[in-house]
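# Geometric and topological summary
One letter stands for each residue in the lines below.
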Amino acid sequence: PLIEIYILDTEGKAVSYMPQDKTAEVPVINLGKIEEFLIKRDNNNITGCITGEDPRTPGARRVFSAAKFYDGDQQEGYVYVVLASQAFVSAKQDFFHSTVLRVGSRTVLLTLISAFAIGLLAFWYLTKNLSLIKRQVQRFRRGEMDARININDGGELTEVATSFNEMADTIVANIEELQNTEKLRRELIANVSHDLRTPLSVIHGYIETMKIKHDQLNAQERENYLDIILSSTERLEKLVSELFELSKLEAKQVKPLLEPLYVNELIQDTYKRYQVLAEERGIILHTDVPRKVSPVIADISLIERVLQNLLDNAFKFTPKGGTVAIAISEGSEQVSVNVSDSGSGIPEDEVDVIFDRFKGRKSENYNSEGAGLGLAIVRKILELHNSDISLETKLDHGTTFSFSLMKLGV
């Protein structure tokens, strides 16, 4: 049964009701809510549901319907109908709790299974990437320098992989740099040993000869021997000086003192000093320098050293009757300097290494005056001025070295 029916007397006491419950007390209903309901019904003023007492559940409220009944014109009582019986409510609650329990149990079970599956998947995913990282790190530790971690799915492990790859690239680059440095160090030692051995052997040989033939040498021969020894010591001194200068430049121990410099005036001073040497060697030295040139910002002594080295190089490879020229050209931001010679030029296979130390020009006009450090020193000095040295060469037609300096105020 979905409803409970109560026959009430005019005092609200239940005279009869169904379904019957012999164990329950005879209910008494408060007639206030019944009268309110009847008045609103008669006035068509019922909105929503009006709840009244539940005779079987003290304190509970139930939706009800009610009507008066008469014997003739005399009211005998009320019919009070509870629209949801206690049995219905109990059955509904039992069903609801049972359904909730069943659905809840299934939901909990499915949630646990899903969480376990997701946990296994996440664990596999994390351990897969961690295993990959571990394998690549172990490969790199064993010396496989190409080992890298390829993880591109985002997240923290991707950042770890990227950091490792960058670290590995840096380590490989540092190792290559160290290997190149070690190679250059060995070459430097070999070349220095060779270049030092030559003048030392000459000095040793002539001194030994003078001691052995002390009483047999005339004054002219003794003078010639001493000149040769002096020349060898000068070459030895020059080599040591250039090595010391280059080592300081490479170690960045030289700090340029930048100040305004008129390159045209510096070239004219240098021209005057080298004019005597040019006449001695039968070389034509001339300049193409404007009277007015914008000042540049540079270290005067270092740029003077650049000009000296370039001119020494040009004189060394220019035959008698040849020409050496110094020219200046001015641009919007820089002043360029060109040092040209009409020598034999530089073979193509030597152009790429011409500025490396001990990799001097080896043309047929090469002589043993230098140690192959002049152009290396030039490049290092110009690097301190944020500049570089370039060259144009043609066999049997000569070579032109060029560099530029920044104008003052640019």
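Residues numbered from 1 in each chain as written. Predicted model: local features only at pLDDT ≥ 70, side-chain atom pairs only at ≥ 80, totals over all residues. Heavy atoms only, no water.

This part covers the overall build of the protein. Secondary structure summary: the protein contains 8 helices and 12 strands in total. Sorting the 410 residues of the protein into buried and exposed places 33% on the buried side. Carbon and sulfur atoms make up 55% of the accessible area of the protein, which amounts to about 25600 Å² in all. (Helix = DSSP H or I, 4+ residues; strand = E, 2+ residues; numbered from the N terminus. Buried < 20%, exposed > 50% of the residue type's maximum accessible area, 1.4 Å probe, protein only. Areas by Shrake-Rupley, 256 points an atom, 1.4 Å probe, with all protein chains shown as cover.)

Sheet strands pair by backbone hydrogen bonding; their relative direction is either parallel or antiparallel. What the 5 strands build is an open sheet, ordered β7-β9-β10-β12-β11; its pairing is mixed. The strands lining the two open edges of the sheet, one partner per strand, are β7 (284-288) and β11 (389-394). Across this sheet, the average inter-strand angle for adjacent strands is 15 degrees, counted without regard to direction. Note that strand β9 (residues 323-330) and strand β10 (residues 334-341) share 7 bridges and pair antiparallel. Counterpart to A325 in the pairing with β10 is S340. (Pairing = 2+ DSSP bridges. Axes fitted to C-alpha atoms, helices over the stretch in contact; angles between N-to-C directions.)

Turning next to the side chain of N165. Note that N165 resides in helix α3 (residues 156-212). With residues up to four places along the chain from it excluded, the contact list for N165 reads R148 and I149. (Contact = heavy atoms within 4.5 Å.)

Before going further, it helps to examine the pattern of salt bridges. Evaluated as defined, the whole model comprises 11 salt bridges. Two residues, E330 and K407, come together in a salt bridge whose shortest N-O distance is 2.8 Å. With a gap of 77 residues between them, E330 in strand β9 and K407 in the segment after β12 (398-406) connect regions that are remote in the sequence. A relative accessible area of 40% means that E330 is categorised as partly exposed. In the salt-bridge network here, residues are joined through shared partners; they are R139, R142, E144 and D146. (Salt bridge = Lys/Arg side-chain N within 4 Å of Asp/Glu carboxyl O.)

Bringing the confidence of the model for the protein into the picture now. Atomic detail in the predicted coordinates should be set aside for any region of low pLDDT. Per-residue confidence for the protein gives a mean pLDDT of 83; residues scoring 70 or more make up 89%. In this model residues 362-370 is a low-confidence stretch, pLDDT under 50, and it forms 17 contacts with partners more than four residues away in sequence or in other chains. (pLDDT = per-residue confidence, 0-100.)

When β11 meets β12, the two strands line up antiparallel, connected through 6 bridges. Across the sheet, the residue bridging to K394 is G398, located in β12. Once β11 ends, the chain turns through 3 residues before running back antiparallel as β12, passing D396 with a positive phi of about 70 degrees.

The next thing to look at is the environment of L310. Structurally, the position occupied by L310 is in helix α6 (residues 300-316). Exposure remark for L310: the relative accessible area of 1% places this residue in the buried category. In this structure the C-alpha to C-alpha distance between L310 and D341, which are 31 residues apart in sequence, comes to 10.0 Å.

Turning our attention to helix α8 (residues 374-384). Residue pairs three or four apart in sequence face the same way in an α-helix, which turns once every 3.6 residues. Residues of α8 that are buried include every one of G374, L375, A376, I377, V378, I381 and L382, and no others. Buried residues in α8 make contact with α4 (219-250), α6, β11 and β12. A positive backbone phi angle near 55 degrees is found at N386, which sits one or two residues after α8.

This paragraph deals with the packing of aromatic side chains. Taken as a whole and assessed by the stated rule, the structure comprises 8 aromatic pairs. Seen in terms of ring centroids, Y6 and Y80 are 6.3 Å apart; in terms of plane orientation they differ by 55 degrees. Their pairing is tilted. Here Y6 is found in strand β1 (residues 4-8), whereas its partner Y80 is found in strand β5 (residues 74-82), with 74 residues between them in sequence. Side by side, Y6 and Y80 carry an identical accessibility label, which is buried. Ring plane angle 75 degrees and centroid distance 5.8 Å describe the contact between Y274 and F315, whose orientation is recorded as edge-to-face. Remark: F315 occurs in helix α6 and Y274 occurs in helix α5 (residues 263-281); sequence separation between them is 41 residues. Chaining the aromatic ring pairs together yields one cluster made of Y6, Y17, F37, F64 and Y80. (Phe/Tyr/Trp six-rings, centres within 6.5 Å; stacked < 30°, edge-to-face > 60°.)

Right, let's get into the pairing of β5. The sheet contact formed by β1 and β5 spans 5 bridges and is antiparallel. Each bridged residue has a counterpart across the sheet, and for Y6 the counterpart in β5 is Y80. Bridge count for strand β4 (residues 61-71) against β5 is 8 bridges, and the pairing is antiparallel. Counterpart to A66 in the pairing with β5 is Y80. The antiparallel pairing of β4 with β5 creates a hairpin that spans 2 residues between the two strands, and G72 there sits at a positive phi of about 75 degrees.

We now examine the packing of α5 against α6. Close contact between α5 and α6 brings their axes to 11 Å; oriented N to C, the two are set at 25 degrees. The orientation of α5 relative to α6 falls into the category roughly parallel. Both α5 and α6 take part in a crossing whose hand is right-handed. Seen from α5, the contacting residues are L266, I267, T270, R273, Y274, L277, A278 and R281; seen from α6, they are I300, I303, E304, L307, Q308, L311, D312, F315 and K316. Class assignment of the residues belonging to the contact of α5 with α6 gives a composition of 10 nonpolar, 2 polar and 5 charged. (Parallel < 35°, antiparallel > 145°, perpendicular 65-115°, else oblique. Left-handed = near helix turned anticlockwise from the far one by under 90°. Nonpolar A, V, L, I, M, F, W, Y, C, P; charged D, E, K, R; others polar.)

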